[in-house]
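Chains, contacts and geometry: an overview
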Amino acid sequence: MTEAQRAKEPGAAGEPEHARRPEDGAAGPPPLRVLLADDEHLIRGALAALLALEDDLQVVAEAASGPEALAMALAHRPDIAVLDLQMPGLDGVAVATSLRSRLPGCRTMIVTSHGRPGHLKRALEAGVKGFVPKTVSAQRLAEIIRTVHAGNRYVDPELAADAISAGDSPLTVREAEVLEYAENGAPIAEIAERAALSPGTVRNYLSSAAAKLCAENRHAAARIARARGWL
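Structural notes, computed from the coordinates. It should be emphasised that the depicted structure is a prediction, and the values quoted were computed from it without experimental measurement. (Residues numbered from 1 in each chain as written. Predicted model: local features only at pLDDT ≥ 70, side-chain atom pairs only at ≥ 80, totals over all residues. Heavy atoms only, no water.)

1. Observations regarding the packing of helix α3 (residues 41–51) against helix α7 (residues 138–149)
Viewed as axis vectors pointing N to C, α3 and α7 meet at an angle of 70 degrees, and their least axial separation amounts to 10 Å. By the angle between their axes, α3 is roughly perpendicular relative to α7. Judged by the sense of rotation from one axis to the other, the crossing of α3 with α7 is right-handed. Facing α3, whose interface residues are L47, L50 and L51, α7 presents A138, L141, A142 and I145. Here the residues of the contact of α3 with α7 are counted per class, giving seven nonpolar, no polar and no charged. (Axes fitted to C-alpha atoms, helices over the stretch in contact; angles between N-to-C directions. Helix = DSSP H or I, 4+ residues; strand = E, 2+ residues; numbered from the N terminus. Parallel < 35°, antiparallel > 145°, perpendicular 65-115°, else oblique. Left-handed = near helix turned anticlockwise from the far one by under 90°. Contact = heavy atoms within 4.5 Å. Nonpolar A, V, L, I, M, F, W, Y, C, P; charged D, E, K, R; others polar.)

2. A closer look at the environment of L32
Assignment of secondary structure puts L32 in strand β1 (residues 32–37). Distance in space between the C-alpha atoms of L32 and H149 is 8.2 Å, their sequence separation being 117 residues.

3. A few points about the sheet that holds strand β3 (residues 80–84)
Ordered in space as β2-β1-β3-β4-β5-β6, the six strands form an open sheet in which the pairing is parallel. The open sheet has two edge strands with one neighbour each: β2 (57–63) and β6 (154–155). As defined by bridge partners, strand β4 (residues 107–112) adjoins strand β5 (residues 130–133) across four bridges and the pair is classed as parallel. In the sheet register, T112 faces β5, and the bridge partner there is P133. (Pairing = 2+ DSSP bridges.)

4. Details of the pattern of salt bridges
Applying the stated criterion across every chain, the model contains 13 salt bridges. Three or more residues joined by partner-sharing salt bridges are found here, namely D38, E40, D84 and K134. (Salt bridge = Lys/Arg side-chain N within 4 Å of Asp/Glu carboxyl O.)

5. Looking at the pairing of β4
Within β4, five of the six residues are buried, leaving the element largely enclosed by the surrounding structure. Note: β3 against β4, five bridges, orientation parallel. Bridge assignment links V82 to a residue of β4, and that residue is M109. Of the crossover connections in this fold, the one passing from β3 over helix α5 (residues 92–102) to the parallel β4 is right-handed. (Buried < 20%, exposed > 50% of the residue type's maximum accessible area, 1.4 Å probe, protein only. Right-handed = clockwise from strand over helix to strand, strands pointing away.)

Now the structure itself:
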């Protein structure tokens, strides 16, 4: 074999390393693409910075409201959407509900400082796979993100225990709706207009809701229902 022929052989001296062994240093699986949505900018920024330290996670988008979270998810198509429960415009459960049909490949998680039983029930019904308090560490959150992406569900044990002990809401959908309208002191006429009901029907729903919650009036009933996560 001539020198010229040997020079063309794979592994010849002077040939670039990547050309000689293309299989060496092959890239591993791509990092999990994460969307973070939280209206508290400081918390969201800190969490993004901490998750960026994980080699297998990549924060591809951030959002400060429900509508922005939905738009960012549809634009960036993340693997996991980590959603704050209470955000302007749409709450985390509403965003998760929309993503379930519009972006089924994206798994959703709720991170909240208001982990009430009714919220957990709504989240699970919306297909949310993770439900954790904001007190969780960034390292633990990263582990839960991996768990959820693998197809498993994670619910904080304390939140799950609270949900079991509290039971289901005794309110019907309509009772909860008019009670939520009444929460900020709206008059009967305004509630009737917003709910497309007659004033008499609104009074009946509010009276029924107050009786079920053993509350002295509709305002107290709304406070009780809100505290238990039923609104």
